Structure formats: C-alpha cells, structure tokens
Amino acid sequence: MSETKTNGALRHTVLGIDTGGTFTDVTVLDADTGRIWAAKTSTTPADPSRGFIDGAIEGLKAAGAEPESVTRVLHGTTVATNMILEGKGAAAGLITTLGFRHVLEIGRQDIPRRENMFAWIKPRRPVTPNRIFEVAGRLGPDGAETKPLDEAAVRGAARALRAAGVNAIAICFMHSYADAGHERRAAALVREEHPEALVSISSDVLPVFREYERSMATILNVYVMPVISAYVGQLETRLVEARIRAPLLLMKSSGGVAGTETIRRAPVETALSGPAAGTVGMAFVGAAAGFGDLIGVDIGGTSADISLIKDGRPSVTVNGRVGDWPLSLPMVDIVTIGAGGGSIARVSRAGALSVGPQSAGADPGPCCYRRGGVEPTVTDAHLMLGHLPPWLLDGSFELDVEASRRAIITRIAEPLGIYPMAAARGILAIVDSHMVGAIRVVSIERGRDPRDFVLVPFGGAGPLHGGALARLLDIRTQLVPPSPGVLSALGLLVSNLKADFARTCLQQQGRFDIAQMARVFGSLQLDAENWFERENVPQAARRSSWHASLRYEHQGFELTVEWPGNSVDEASVAEVVRRFHALHQTLYTFAQEDTPVEIVTLRVDAVGALPQPKLSELPPSVDPREAIVARQAIHLGTGTVEAPIYERARLGAGAEIAGPAILTQLDATTLLLPGQRAEVHRTGSLIVRE
Amino acid sequence: MNDVGHVAAEVTCDPVTLEIVRGALRAAQGEMEALIERTAMSPFIREKKDFFAALFDGKGKLVVGSNLPAFGDIVAPITEFYPLASMQAGDLYWYNDCYQSKGAVSHTPDQVFVAPVFAEGELVAFAHSWAHFNDVGGLRPGSLSPDCVDIFQEGIMVPPVRLMRDGVFNEETLRIFYRNSRFPEMIKGDTRAAVAAVRLGERRLGELFERFGKGRMVDALRQLIERSEKTMRERLRALVNPGEYRFTDMIDSDGQGNGPIRMRYKLTVDADRIVLDCSDSDDQTPGPVNFLMAPQVPSTVFGLYLLGGDPEHLLNDGAVRVIDEVILRPGSILQPRFPAPLGLRGVTLMRNVAACLGLINVATGGQAPAAHAAYVIWYLRGLKADGSLFLMSDGIGVGYGARPTADGIDAVYLVAQENYPAEFLDSVYPVRLLRYAINPDTGGPGRWRGGCGIVREVEVLAPEAVVSVRIDGVENPPWGVAGGKSGGPGRVVLNPGRADERLIPPISDGTVVKHGDVIRLETGGGGGWGHPFDRESERVLEDVLGGFVSREAALLDYGVVLDSEGRAVDDAATRERRRRRPPAKMFHRKEYAELLT
C-alpha cells in the first residue's frame, strides 16, 4: 500500500470499477473524508481491461487523486456472464466416471415446464461429448472406494485432450462430494501429462450431491477459466502500468469480493458479479438512511434485476441459474426479467399488446434517440407522457418527442383503437406489471410481505418506475440512491471479502450424528481459516457463520437456515430443526412437525471485513425552488398537470419536494407522482413517502 | 357467450388489463407449481415432477393449463355430486376416480384437488392441482402393474368428495386414504403439498378479482379462451385443406399377451366442422394399457402443435374447441368399459399423441414432427438389508421425433418431468447405477435425426428384488416421416455380457433379481424427418464423435464415409456413396410406406 500527499494531506482512496454492457462506471472514495466521485467511460468489449483502466484514470482525475493513493481496487465484471450466456467460453474437456459420459447431454431429462414439446430445442452444452472421457474407478455414496481409479485411463484422457488442444479440463466423479481422493489424484495426473492445462475438480467447486448440477458447475468453471485468468492478469498489468499498486478484488455472485488468486481458481463465482454489486450498494445506502428491509429494482435498457434485503443482508440462493444452466453455488437471489427502458411494445395479429422481452438496446435505441428506431419503447412512452424532460444527460442530447408520439400512435393506439395517451400508459402499465410479478417472486413467494419493505429503484430507468411500482405493491416508502445509475460501482467500494464452503452430510432425525456433523463443520471451518490466511484477513476482521440445509424426510428440496453459533450439540441441532419448521411454515404456508427432518448440506460462510467508508453528508438545504430548472406538462390518467423539473445536485439535506415533480441528474431521472413527497436525506438519498 | 353470465355484457376488459391479467394468471400457476415441487414427498413428484397446476373460470372451463395432453374436464365430475350452487368459499374437492370422472383423470395414482373461488359472493373461478402419488394401494407397490386385470387392483378409488369445508380437512376421509397406502407418510406429505398449492391458487385468483373487479376479470377469462380458440382455428384452417385424412398407429402389447393394438383415426375437415373419429380403433384389452381418453385430449395435442413456441396464447379451453367433435367407441382401447384396468395408459396416451401428429403429417404432406417413443417407467421392489420395504419407481427418457426444421430432442421424459440423479438413487435405494448414457443409433435417421433414447444400467445391491417394466415401441418403433426412418426400439437385458444374460419382456412384472445382478434398460428413439442422405455430413460426423450414431450407421443409413480413424468425413467417398440414394416414401416404420395403416 502506498500513500501520497496532495495539498499537504495524506490521502487514502479506494477505486470501484463496474464494467457493464455499454458503460464502465467508476467510483472513487476518499477513505478519510468519505467523499465519493463518479465517472463513466465506454466499455471496450474487445479488451475490457482497456475500459477498466481508462475508467480508473478518469475516476482518479475526477477525484484529483494520485494513483499511488489507491489502497484497494474493487471490480465488478460481466466477462464470465457474457461468456456463458453467449456460449463463447474455452474449448473445455471433462473427465468423468465410466458409464457417465452423457450426464451433461441428458441433463435432468426434462423438457422445461413452460416449453412446448413439439417446438423446444435442447440447448447446446458448453462441452461437446467428444471432449468427455470416461475412466474407471468408483466411490459409494459414503465416499468409500468400491473400485480403484484407473490411472492409466486418466493419463490417456489427458494426453488425448492435450492432442486436441484442449487446455481447460474439468474432473467430476460420481460421489466425489463424499471424498475428493480420486478427483485430486486424477488432477495431479492430468497436470503431469498436460502441464499447460487449467484443471478444476468438482469436489473443489461444488462438493454437493446431484451429478448433473455438480458437473455443470465444474464445467462452467473451466469454461470461463482461461479467459478470466488472462483477464485478471491483464488487469494487474494495467494497474501496475498506471502506477496503481493496490490489491485487486473481484465481486462474486454471492455479494462478497475475493482476491485474484481465489478468482483464478473459481472464476465461475463471478457469474453474477455485476448485479451482486448493485445489491451490496443498495444495502449500504439503505443502512446509511436507517433502512434494513429493502426490495431493489435495478432497471437498465434491456432488463430489470430484482432482489431483496432483509435485516441488511441480501437473500442468497443455491438454486440459481445462468442462462440455460443451473448454477448451484451460493449467489445473491436476483430475479432478472426482460423489461427495461428499451423494451419494445408490439400489437400482435390477434390484437394482444405486449412489451419486451425484445429490446431496442442502445442501438438503434428508442425512437426518440434519433438513431433509426421505429418501434415504440418504454422510454418513448415515458417521453410522450412527459415523465422525462426532452433531453438526456446534462442537456447535451436532445430527444425527439414527435418520433415517440408517432410510433405509439401508428403502432399501438391505432391497431388497438385506443387513445394515444392510453396507449402510452398501457405500455408502462404492462412493463410495471412484469416488474411487480418479479418483485412478488422475491418477496411473496419467499414468504415476505412487500409492504414491510422499502422500495429502492435504481439503474438509469429505475426511479422513473419507482412511484408506480410502490403504488401497485402498496409500499409506502421508496429510497432513491444518490446516484441511482452507478449504484453497483458504489456497492464495490463498500463490499467485504467473502467465501463459502459447503459439503453434503446426510443426517436423519432420530439418528443425528453430532460428532460427524462437528467433524464436517470443523473441516469446513479449517477451509475458511486457510482462506482467511490466503486473503491476508487480519484476525479482528474474520467472521464466519454456519448454515445447514434441511428437508423433511422424502422431500427433495432443501431450505437453508443459519446455525446458532459455531458449535454442534443437542441444543444447537434442536434449534436448527425448529428454525427449519418455522421457515417451511413461512415459505410454504404449512409445517410438518410430525415428520422426521433430514440435514443435507452444511456450509460455512466466511467474511473478511474491509474498512467501511462513511458517506460525506450534504449541506443543509436552502430553498428547493432554486433547484427548479424548467417546467413541463405531465399526462396522468386523471388529467394533465404542470410539474417542475428540479436539478437534483442543487438540493441540500432536508429539502422537501411534493409531487408531481421531475428530478434530473446525470445518471437517472426520478418521477414523483402527485401525492408522493420526497425528502433529501443527509446521505444524499431521496426518501419518497406516500 | 351468454353462458358466462350477465356481468360479462356490462364490463369489458381492455387489452392492457388483459395482458396484465394473463401475466398474473401465469405467475399464480407458477407459484402453485413451485410450492408442490418444493414440499411434496413422493419421489414421483419431487424428483420426477409429475404434477401440474391449472386455473379455470366459474363454469369450469380451462383458462391456464399445462402443456401436457393428458387431461379432460376436471370440474364437471365434481358438480355431479356437488352442484355449483352448493359450493362455498373454503371448500376443497378431491378425486382420482377415472371412470366416475369420465377420464378427467386417467389412472388412480393421479390425485385431483379443486377449490372454488368466490368474488362478491359469486363463484367465479376454480384453482386446481394434480400430482402422481407414490402408492395408493392395489395389487403391487406403486399401484401400477402390467399384471392388473381390473381397476380394483390399481389402488383405492376416490370419487369426487369434499375434502374441506370452511378450510377444515375432513380427516376421516384422509384416514381411510392413508390407510390404503404402503407409504402413508409420503402420501400424507403429498396431500398437504397439493392442497396448500390449491389454497394458494384460490387466494391469488381472489386477489386478482378484487384488484380488477369481478366483471372485468370474468371478461378477461372469457377473452383469453376466445383468443386461443380464434387463433388455433385460423391456424388449423390455414394448414389443413378440406378433406378426409386417415392414420393408424399402434402399441405393441397389453403386457398380457395381446397385441398389437391399433388406433385408427380419421379426421374430416369440411367447410364448417372438424371431426376426429377414433371409433374404428381396436377393442379394449385385458391388460392395463387401456386409455380412458377424454375427448379434450386429442384436441389438446392439435392445440399444442398449433401453438408451437408462441408465448402469446394459452393452452386452454379455446384450444380444446379447435376440433368440433371427437368420436370415441365405448369398449375400445380409447374408451374402455368399467372396470377395465388403466394403470399403464401412458403408452397409449403417448401413442395417441403420435397418431394425431400422423394425421397432421398426412394432411400437410409432412409438416409435423415424426413419432416419439413413449417414456419408460420401471419399478424395483423388495426388502432392504434391514427388512424394510423399498419401492424404486424410475422414469427414463426417450427420443422425440425429428421436426421439419430441427432434430428430435434426445433423452427426455416429458414436459417438466425430471430424472432421479444417479447419486440420489445410489444413496436412497439398494442399487448402484453403472451407466447412464445416450443409446446410440436409436434416433431415426433423417435429414433431421430423431432423438436418441437412454441406456440405464443398474446393479442390484438388495438381497432380492422384483422388476416391473414397461417399454412400448419394441415391435412397432416410432415412425419417421417425409423420408425419415423409424427410431430404434428399446429393450431390457438382465446381466448383459454374462453367461446368464437374458431379455426381460418389455411389458412385464415379476422378474426376480438377486444381489449382484445387473439390469440394463435401453429406451427407444424418435423417428427421423426427411431423407437421411440429405443430412449434412458434418452433423453426421458430430453425431458419431458424440456417441449418438455409430460409424456403421453413418455409412449404411446416412451414406457418410469416415476416414480410417473415424475422426473426419471422407468427402469424395461420401459423394460417391450418396449418388446411390435409396428411394423413400412418406412414412417409415422398419420399411417405407406411403401410409401407415
């Protein structure tokens, strides 16, 4: 770590860089004053490390800070996500147990529930069967060897993969969650035969039963490994070249960061890196304003990410998916839907109005962008209704209101035979309804009542929809973050180191083996301690929490509850069982206390706390009317009203604004509906109440 | 639509609200299904996902259904015992009685639960779920066996009964039901899960009626049904010219020595009516492959085909109305007389789907998929080392038919239903899974290849156990179309490669196996579409390298010659070979034919 003096003061800065699809958002924190600067640069898909370092330099320039002042660099990336979604990962190979070459190909042997049996096409697997090799050797479900590993076959497979130019190799053997011996030995043999290969074993990636899901997680890990590995290396080089000598940490899907050594070994853990950072940022701004129960709606151009935070902690799931694939690693429970500002509205031949999931994206974008878009989008509807001022950014980009109106009239209103304004409102009603559906999934379907939560709309388009969504959900309070468009980059600045260690350990009520559970937890805790060492986490900053997943006997789906404390005894086991019954009741409307319970998987979550910044506070408000820069007509269902447009940056702490009003800032526009009142919190968030 | 009620005439639902209602109904259905999936206990439900949820309007017409062509008129059987006027909020009805319900449910393990939904004191909708319970009594564990000779041997029959009034269970009824199962704990958990799901659906529908108003919701449900009907009718008319079309498909056997059993279909399309006549099908059988088919079922197949992957329309009563009349003959395989056994109706149900596709192919010159194999179920029953009874009921995927624009799906069971992971079987039952793989060369050769079946090889670790199995399409494999060839058949081998190797009859029960025996199940593939010589040689090579097609079949069926190592196509030799192109006809089942009869 290095420090430098600027203006005579000793500065420590932290850099957060969130690389999105179109833009790279950068935040710079002055760790001493809590002041935060933001910058935005274009993402450079061909070599994302360039956009990364451009952003870093821009950010430091904005903050007036020297590269040497940086003590930590945190990064959210979509490199792994895109590689998986677009099927553009490495040529990967798999070595598996004799008889199980087609586990990936078969999958769970289902046509997905919502699909049509005559139309559905099975998605292409990330590894083709000609790169999958079988080797003899077998363990029982208890981990005991029933057939020794055929080492010659492993060597043969490694040589064949080497000859085929395959340098990313996964190893997944039956029942290896119970004992990693065969997989470790096989990995060593592969490295001997094929030293350039990057190797990943399933007992490292996901030591949990169900061979398809475990194989898929391991394959996806090696699938993204060569590129992520190289990418991390490039980032490190770029940082050194830019005289930034601070440690680089990457955001994982679970909402914590990890160092480059960890990411190189488990790159698939960055699959939801970007959205996870947004959730962390939401938790932070919420806590700063005194709110711990939050529902976040992050609305961008093509999609919306919905997540929930209870008691300041994001919900985490082990039943996540990335594109077509299950990914059973702990990840922030985010529901993504194809609804955003660029979502296209269409009327079908049968006369049905639909919005999304097709999106006009950034190019051509909405009709009002003057880039050749002809199909009306959600943004066009907002513009036509006066929800948006007719300009973007700081006024440098003028929007074509007439183009929006024309598209909505000719393509929606006329075919449906309804009034133009009703058509525009209809587009928004449908897209809001999609979002409400997704919010219900993370709240009501998880046993939470959304009315008990504060709604946090963010992303460039979020605060335009927050008011309507809050009303549909009967939510009384919204929190609009200080910079809604760069909340993910802020989340990076405030995230902690995190790692999870899980193992299957099947236990049946009546025969709970306290000693065995203690042994498994002990070994997982040891894994956690070793990880703390590797990440150089000081003793005082180490925290671990234990978790168990349980089900009723004969059930096939587990619920995870936190273990009370860090020891295994009769009392803690009884408490875990009690918590399971209670959670089952909450989630599924009934508990079955007359039915034996099984403990399936034990997990240790390790957190290395990083120093947390304190946000600087806004100066007190003067007369908010001085922030009014224009007025315009807003067309509501009840009639047309004139509303002031405020420049949000000019509002001080305690300022109060009554709807209808529009608040503009560089990265987002907030719409206040009549009856809604906003107050500027001293930490910069808007608290909107109704 | 006067029968929808007087409110419909007063309020209409605008297109925006309609889209919102449609999304909300789908979401409610999804939420109900998630609840069952996560809480049920029968392996059939929780790992194999053999369950669905649906929503009906106040007259019991389906509004949002499943993508499964297996069900009839769900609500009507209840109203025979409990008139609509007698229903109250807080009621919940239950049945599994196939004959009493006229095939609304078609084998006894499937339990149907239905709750009425009220708005402003009026019955406006129904929420429904069904799920396949593990064992409801009967001749053998699992309740289904090819040995059954009447339905009384297939478990307890529950006619429509009121399971709840004012939200309180009729515990006496349930006590009788649980007492009749070999696994009462499981079906107790299943009942709770299925009932909780229906209650959830009832609540969600109630919320929607409250939010949008009764009149608007009633109209929305009406519009959703009419929209599907209008679109499906238009699509069918555009696809099929007036005329008379015939197709015959068949199943191998009833498991008791009778077969093959033919299903003879005739579709008559004239200016104002579309009629499907199945009455010429063979008589019902002594064995349990009889399918008490509700007339809605073949219409649903047509609806599914016409719907394709289109997310705009719902598969509902509107799709069912696409065929004006379905004629069935009492005493036939598709309309058996009480008390004929029905347990293995799955093979006939899946063959009905193929027969409907056959009709569409005849009528359109091959614009529909080729035939699929019928999913395979087998049971292993016995005593564990500790003396307790175990029942392993394992479903295995098959190959689906190739399509005019794509290969058939490899190795799937059916919509939504999943496999048991090998690691699950190994840890719960006294078995060791030795092999779980693609069954090569079972996909029917074609321009588009039929999907391949599966090989599942299981070593028995119990001292002794009994095998029951059901594989159809061994003698009469799924047909190919438009020049595509039929799929490869399935079979069951005991101790393959050993001195005591022998075949187990494909539909049979009672085969005794011992510790160390190996049971190898091979399932069949789907038919191909188009002439196999038109398939790109690169795809054939990829299939060979991936283990889907053997090198020999590449040569003989596809005319593709590989190099000596079998890793590349010999282009010159392939061109030469493909010059001698075998003549093809419209259909193929072991041999080409213009029509299957």
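Residues numbered from 1 in each chain as written. Chains lettered and ligands numbered in written order. Predicted model: local features only at pLDDT ≥ 70, side-chain atom pairs only at ≥ 80, totals over all residues.

Below, the discussion takes up the overall build of chain A. When helices and strands are counted, chain A shows 16 helices and 39 strands. In terms of overall size, chain A behaves like a compact globule, its C-alpha atoms giving a radius of gyration of 26 Å where 690 residues would be expected to give roughly 26 Å. Across its three principal directions, the C-alpha atoms of chain A cover 80 × 70 × 55 Å. Burial status across chain A gives 55% buried among its 690 residues. Sequence separation of at least 24 residues holds for 68% of the intrachain contacts in chain A that already meet a minimum separation of 6. (Helix = DSSP H or I, 4+ residues; strand = E, 2+ residues; numbered from the N terminus. Rg over C-alpha atoms; globule rule 2.2 N^0.38 Å. Buried ≥ 20, exposed ≤ 12 C-beta atoms within 10 Å, placed from the backbone. Contact = placed C-beta atoms within 7 Å.)

So, on to the overall build of chain B. Broken down by element type, chain B carries 14 helices and 23 strands. Its C-alpha atoms give chain B a radius of gyration of 25 Å, within 12% of the compact-globule value 25 Å for 597 residues. Going through the 597 residues of chain B one by one, you find that 63% of them count as buried. If you take every contact in chain B between residues at least 6 apart in sequence, the share linking residues at least 24 apart comes to 73%.

Our focus in this paragraph is the sheet that holds strand E12 (residues 198-201) of chain A. Residues and elements named next belong to chain A. With respect to topology, four strands assemble into an open sheet ordered E8-E7-E11-E12, the strand pairing being parallel. For this open sheet the edge positions go to strand E8 (132-135) and E12, each flanked by a neighbour on one side alone. Each neighbouring strand pair of the sheet contributes to a mean axis angle of 20°, computed without reference to strand direction. Of the pairings in the sheet, the one linking strand E11 (residues 168-172) to E12 comprises four bridges and is parallel in character. Looking at the pairing, alanine 170 lines up with serine 200 of E12. Contacts between helix H5 (residues 181-193) and the sheet are confined to strand E7 (92-97), E11 and E12, with E12 contributing the most and set at about 170° to the helix. The strands that helix H7 (residues 211-241) touches are E7, E11 and E12; relative to E11, the one it contacts most, it runs at about 160°. (Pairing = 2+ DSSP bridges. Axes fitted to C-alpha atoms, helices over the stretch in contact; angles between N-to-C directions.)

Quick look at the nonpolar core now. Residue and element names in this part refer to chain A. Counting residues in each nonpolar core, the largest one holds 410 residues, and the members touching the most others are Ile169 and Ile427. At 14 residues, the largest contribution of residues to this core is made by H7. Among residues more than four places away in sequence, those in contact with isoleucine 169 are Gly93, Ile95, Leu161, Val190, Ala197, Val199 and Val222. (Core = buried A, V, L, I, M, F, W, Y, C linked by C-beta atoms within 7 Å.)

Here the focus is the pairing of strand E3 (residues 92-95) of chain B. All names here are of chain B. Where burial is concerned, the two faces of E3 agree: the one with Leu92 and Trp94 and the one with Tyr93 and Tyr95 are both buried. Inspection of the sheet shows E3 paired to strand E6 (residues 161-165) by three bridges, in the antiparallel sense. Within E6, the residue paired with leucine 92 across the bridge is methionine 164. Bridging between E3 and strand E4 (residues 110-119) involves three bridges; their strand directions are antiparallel. The partner of tryptophan 94 across the bridge, within E4, is phenylalanine 113.

Each partner contributes to the interface: chain B provides 62 residues, whereas chain A provides 56 residues. Ranked by residue count, the leading element in the side of chain B that touches chain A is helix H2 (residues 15-39) of chain B, at 13 residues. Partitioning the side of chain B that touches chain A into residue classes produces 31 nonpolar, 13 polar and 18 charged. (Nonpolar A, V, L, I, M, F, W, Y, C, P; charged D, E, K, R; others polar.)

To summarise the sheet geometry, strands pair through backbone hydrogen bonds and adopt either a parallel or an antiparallel arrangement. Residue and element names in this part refer to chain B. Taken in spatial order, the three strands line up as E17-E22-E23 in an open sheet, and their pairing is antiparallel. Edge positions in the sheet fall to strand E17 (480-481) and strand E23 (591-593), since each of these pairs with one other strand and no more. Bridging between E17 and strand E22 (residues 587-589) involves two bridges; their strand directions are antiparallel. In the sheet register, valine 481 faces E22, and the bridge partner there is phenylalanine 587.

This part is about the environment of A:Leu383. All names here are of chain A. Structurally, leucine 383 is set in helix H10 (residues 378-384). A C-alpha to C-alpha distance of 9.6 Å links leucine 383 and glutamate 402, two positions 19 residues apart in sequence. Leucine 383 has contacts with Cys368, Leu388, Pro390, Leu399, Val401 and Ser404, leaving out every residue within four places of it along the chain.

A few words now on the domain arrangement of chain A. Assigned domains within chain A: domain 1 (84-229), domain 2 (498-608) and domain 3 (624-689). Put simply, the middle of domain 2 of chain A and the middle of domain 3 of chain A, counted by C-alpha atoms, are 47 Å apart. (Domains from an automatic or database assignment.)

What follows deals with the confidence of the model for chain B. All names here are of chain B. Mean pLDDT over chain B: 93, with 97% of residues reaching 70 or higher. pLDDT under 50 marks residues 1-9. Its contacts with residues more than four places away, or in other chains, come to twelve contacts. Of the two predicted TM-score estimates for the complex, the pTM is 0.89 and the ipTM is 0.91. (pLDDT = per-residue confidence, 0-100.)

Structural remark: α-helix, 3.6 residues per turn; residues separated by three or four positions point the same way. Residue and element names in this part refer to chain A. With 13 residues, H5 should reach 18 Å at 1.5 Å per residue; the first-to-last C-alpha distance of 19 Å fits that figure. Buried within H5 we find His182, Glu183, Ala186, Ala187, Leu189 and Val190. Summarising the axial view, the buried residues of H5 lie within an arc of 165°, below the 170-degree limit, and thus occupy one face. For H5, the secondary structure elements touched by its buried residues are E7, strand E9 (138-139), helix H4 (151-163), E11, E12 and helix H6 (202-205). (Expected span 1.5 Å × (residues − 1). Arc of directions from axis to C-beta.)

To continue, consider the domain arrangement of chain B. All names here are of chain B. Per the domain assignment, the segments making up chain B are domain 1 (2-226), domain 2 (369-531) and domain 3 (532-580). The C-alpha-based centres of domain 1 and domain 2 are spaced at 31 Å. At the interface, 17 residues of domain 1 touch 18 residues of domain 2. By residue class, the composition of the side of domain 1 that touches domain 2 is five nonpolar, four polar and eight charged.

Residue and element names in this part refer to chain A. In the contact formed by helix H1 (residues 48-63) and H7, the axes pass within 10 Å of each other and the chain directions differ by 35°. When you trace H1 past H7, the crossing you get is right-handed. Residues Pro48, Ser49, Phe52 and Ile53 of H1 touch H7, and the partners they reach there are Tyr231, Gln234, Leu235 and Arg238. (Left-handed = near helix turned anticlockwise from the far one by under 90°.)

It is worth spelling out the packing of helix H12 (residues 420-442) of chain A against H2(B) at this point. The relative placement of two packed helices comes down to the angle between their axes together with the axis-to-axis distance. At a minimum axis distance of 9 Å, the contact between H12(A) and H2(B) shows a crossing angle of 15°. By the angle between their axes, H12(A) is roughly parallel relative to H2(B). Like other packed secondary-structure pairs, H12(A) and H2(B) cross with a definite hand, here right-handed. Residue-level inspection shows A:Gly426, A:Ala429, A:Ile430, A:Ser433, A:His434, A:Gly437 and A:Arg440 of H12(A) in contact with H2(B), the latter providing B:Val16, B:Glu19, B:Ile20, B:Gly23 and B:Ala27. Taken together, the residues of the contact of H12(A) with H2(B) sort by class into five nonpolar, five polar and two charged. (Parallel < 35°, antiparallel > 145°, perpendicular 65-115°, else oblique.)

All names here are of chain A. Of note, aspartate 432 is situated in helix H12. Expressed as a C-alpha distance, the spacing of aspartate 432 and histidine 382, which sit 50 residues apart in the sequence, is 12 Å. Aside from chain neighbours lying at most four places away, what touches aspartate 432 is His465, Ala468, Leu469 and Leu472.

For the rest of this paragraph, the subject is unusual backbone geometry. Looking along the chain, the bond that leaves A:Gly356 and enters A:Pro357 is cis, with omega of 0°. With respect to the helices and strands, A:Pro357 occurs in strand E24 (residues 353-359). In this chain, B:Phe338 is followed by B:Pro339 through a cis amide linkage whose omega measures 5°. Its place among the elements puts B:Pro339 in the loop between strand E11 (325-327) and helix H10 (345-364).

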